[in-house]
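Overview (structure and organization)
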Amino acid sequence: MDTKFIGKKSAAAGGWGALKSCGKQLLQSGMPISGARTMLKANQPDGFDCPGCAWGDPEHGSSFEFCENGVKAVAWEATEKRATPAFFAEKTVSQLRQLTDYELELNGRLTHPMRYDAASDRYLPVAWKDAFAEIGSILTGLDNPNRAEFYTSGRASNEAAFLYQLFVRVYGTNNFPDCSNMCHEASGIAMRQAVGVGKGTVLLEDFEEADAIFVIGQNPGTNHPRMLGDLRRAAIRGARVVVFNPIRERGLERFSDPQDKIEMLKGGSTDIASLYLQPQLGGDMAAVRGMAKAVLAAENAAVSAGLPSVLDHAFLAEHCAGFAEYRAAVEATSWADIGDQSGLSRQEIERAADVYIDAERVICTWAMGVTQHLHSVATIREIANFMFLRGNIGRPGAGLCPVRGHSNVQGDRTVGINEKPSDDLLDALEKHFRFTVPREHGHNVLAAIGAMLDGSAEAFIGLGGNFARATPDSALVEKALRRLKLTVHIATKPNHSHLMPGEAAFILPCLGRTEMDLNAAGNSQLVSVEDSMSMVHGSAGINRPASPHLLSEVAIIAGIAQATVGSAVVGWAELADDHDRIRDHIEATIPGFENYNARLRKPRGFHLRNTAAHREWDTPAGKASFSCEALPDETVHQRARKGEGRFALQTFRSHDQYNTTVYGLDDRYRGVYGERQVIFIHPADLKAMNTEAGDRVDVVGEHDDGIERIAENFRFVPYDIPRGSIAGYYPELNVLVPLGSAGRESDTPTSKSIMVSFRRRQAA
């Protein structure tokens with residue numbers, strides 16, 4: 001059996017492997033020297049914000065505030081390769097669809113606006129003014145603005161996102177399917193219910209004071225590697241790091257900091273996790289409920305023995321509502337149910353609870369391993385419950401920390417990208433701009449796909465991203481896009497979404513984060529982004545644009561808006577030429593942005609005040625609110641084990657990708673090389689099926705809606721993962737994620753809760 005693609009895993013995250021990977025990416029870009037110079041300006045006060053993850057920048061920044069993934073993102077953007085009109089002339093769209101995501105984006109930066117020609121099945125160059133005019137004509141020709149969908153990627157700046165939502169609302173709809181619908185929607189909903197604000201309550205500096213850090217359903221080594229530096233420093237000074245993750249991730253075990261010269265020279269590394277627990281898929285709520293049960297048991301024992309209380313009774317009495325009901329719910333939950341659902345023993349859970357009890361200050365972080373389940377909102381409410389018990393919100397070194405993915409996914413929401421806008425936002429826009437805003441709630445991602453499929457949506461505009469590859473049920477999404485009257489994609493590189501054209505289809509190339517955006521006077525324009533810690537940073541590109549034909553995202557939005565709604569309400573061209581004016585409008589309509597332009601130009605930017613971090617609770621009860629929801633009736637792994645040969649699948653990234661962008665075909669942290677169509681599985685499960693490493697199978701979705709979903713030709717990789725649970729990469733496995741399976745309240749696709757089986761294939 002061919003297993004050459006399975007190799008040695010890195011001994012630790014980071015280290016020489018990270019440096020080697022950085023060099024490889026810079027060389028592959030064709031601009032290694034200028035790329036290295038560019039990286040020195042990443043996340044610096046006089047440079048650009050990294051186009052990768054949303055991890056925060058410290059107030060006391062170092063000379064180098066970038067990581068391996070940042071280098072990959074910048075090298076990917078700053079490549080010398082160009083996807084010119086000649087590239088599109090060489091192959092039809094049908095032929096381009098045969099390329100993998102990696103092969104397609106290797107062709108480099110888009111250089112000209114392009115329009116799809118159905119007769120030749122090719123994209124042809126088009127003048128900007130003609131593109132804007134035709135797009136505007138089609139949009140104004142729809143019989144209802146709600147027939148258009150306006151998608152936003154988390155890479156868009158605050159200025160672009162604000163202008164986008166303003167244009168769309170002047171046009172007359174709140175249809176804002178957004179990338180956050182597919183990742184941290186559950187975090188925002190649950191935290192607003194629990195503490196009154198849908199953002200994390202910690203600053204980066206809190207990681208320097210925490211006694212314990214709980215990392216749940218998160219893989220920072222691949223998804224936000226700079227976080228590993230903060231975890232490493234916490235571990236070195238004695239903080240305990242407790243990990244809940246079904247799969248063993250190298251970055252949560254050991255990390256070698258490339259910026260630590262001594263560690264690098266000695267070939268050393270630092271242990272990260274003090275305790276690493278591997279729950280079954282979907283078992284996090286039960287695990288956290290178990291820790292709460294252990295904490296309450298310790299409280300009862302302390303009271304009986306006359307010892308100091310374990311709970312923070314002062315916090316509970318002054319700041320919390322619903323504690324008595326929650327306590328009753330926890331005590332009514334049996335250890336048998338907790339163990340069966342979590343896949344962890346009582347002893348393991350009690351060990352984690354002991355770390356919590358012994359720590360004065362605790363931070364809890366999580367990511368998509370928590371948010372992409374049916375019961376994600378309930379799980380995050382349970383995390384908040386757990387943190388309330390000892391008052392671990394609203395004081396230094398403690399708090400809730402959902403770690404967002406893309407660099408400005410949080411900022412986009414802050415400035416108005418929301419299909420369910422608050423009345424306060426709409427009132428402010430209406431008063432300031434003097435137009436009648438649409439009040440009807442719009443479509444999120446799943447609703448937008450449904451509308452495209454049933455014909456009630458006829459147009460799609462994507463502000464960045466790769467919608468077709470980021471969304472679930474890939475075959476249905478392709479069908480949905482190709483039946484539209486209009487598809488428009490604002491992008492830096494060709495991707496598969498561009499190859500699913502509507503009746504009229506445009507690719508509009510934009511500037512990247514690293515590139516200078518010069519206005520009519522020749523002045524460099526500044527944009528801003530918000531990180532996971534609610535810090536707002538300025539970002540100014542330093543490189544020359546990849547093509548003289550590129551426009552900024554702001555200019556493209558302004559051009560479409562002008563052609564669609566005219567300038568009676570907003571002077572779009574003036575705003576595109578002066579981003580300070582856009583920020584003046586943000587200041588006038590969005591709370592927290594007072595004196596925006598001046599504060600943005602200070603080193604490291606400024607912090608948006610978080611009420612929960614100050615123990616001000618904007619909830620119906622006026623307090624931090626406990627939830628007493630019962631554990632789910634069944635999780636995906638409990639359902640899967642009822643059927644012979646069924647498994648619970650989660651999708652995740654390889655180490656050589658970021659979101660849908662694939663930088664390479666290796667995943668050195670998991671020991672997989674040159675291959676992406678793989679399934680990570682426990683060795684005992686392989687043996688039970690009479691299969692071996694490298695065997696080829698088709699992965700078959702087991703959703704009960706009558707639709708056949710098959711991911712073809714995947715190979716097994718034995719791995720340290722709970723029996724009955726398996727894992728593999730997206731977007732290749734998105735074809736198995738059903739549109740009809742979404743988180744309760746969040747409507748987020750359940751990409752970590754997919755039930756599947758296998759069909760054997762003959763060896764090639």
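Heads up: these notes are all about the structure in this document. This is a predicted model, so every value here is computed, not measured.

1. Examining the sheet that holds strand β18 (residues 527-530)
Neighbouring strands of a sheet are bound in pairs by backbone hydrogen bonds; such pairs are parallel or else antiparallel. Judged by pairing direction, the sheet is antiparallel, and its three strands sit side by side in the order β18-β19-β20 without closing on themselves. In the strand order of this sheet, the two ends are held by β18 and β20 (606-607), each with one partner. As defined by bridge partners, strand β19 (residues 535-539) adjoins β20 across two bridges and the pair is classed as antiparallel. In the sheet register, M535 faces β20, and the bridge partner there is H607. Sheet strands touched by helix α8 (residues 158-171): β18 and β19. Its angle to β18, the strand with the most contacts, is close to 90°.

2. Let's talk about the pairing of β18
Burial along β18 is two-sided: the residues V527 and V529 and S528 and E530 are all buried. As paired strands, β18 and β19 are joined by four bridges and run antiparallel to one another. The residue bridging S528 from the neighbouring strand is G538, located in β19. A loop of four residues connects β18 with β19, the two strands running antiparallel in sequence, and S534 in this loop sits at a positive phi of about 65°.

3. Some details on helix α22 (residues 423-433)
Every buried residue of α22 is accounted for by L425, L426, A428, L429 and F433. One face of α22 carries all of its buried residues, which in axial projection span an arc of 160°. Projecting away from the buried face of α22 at angles above 90 degrees are the exposed residues D423, D424 and K431. The inward-facing, buried residues of α22 abut α8 and α28 (579-589).

4. A closer look at the nonpolar core
Membership of the largest hydrophobic core comes to 62 residues, with the highest contact counts inside it found for V195, F214, F244, F388 and L389. Element by element, the count of residues in this core is highest for helix α14 (residues 284-305), at 10 residues. Non-local contacts of L389, meaning those with residues more than four positions away in its chain, are made with A292, V295, L296, L311, D312, L316, F323, Y326, Y356 and F626. Listed in part, the 61 residues of the second largest apolar core include F150, A160, V170 and A561.

5. Digging into the side chain of H319
Topologically, H319 is positioned in helix α15 (residues 313-319). Since its relative accessible area comes to 11%, H319 is described here as buried. A polar contact of 3.0 Å, which involves the side chain of H319, links it to the side chain of W617. In this structure H319 touches R615, W617, K623 and A624, once residues within four positions along its chain are discounted.

Cut-offs and rules
- Residues numbered from 1 in each chain as written.
- Predicted model: local features only at pLDDT ≥ 70, side-chain atom pairs only at ≥ 80, totals over all residues.
- Heavy atoms only, no water.
- Pairing = 2+ DSSP bridges.
- Helix = DSSP H or I, 4+ residues; strand = E, 2+ residues; numbered from the N terminus.
- Contact = heavy atoms within 4.5 Å.
- Axes fitted to C-alpha atoms, helices over the stretch in contact; angles between N-to-C directions.
- Buried < 20%, exposed > 50% of the residue type's maximum accessible area, 1.4 Å probe, protein only.
- Arc of directions from axis to C-beta.
- Core = buried A, V, L, I, M, F, W, Y, C linked by side-chain atoms within 4.5 Å.
- Polar contact = N/O pair within 3.5 Å; in protein donor to acceptor, adjacent residues only side chain to side chain.

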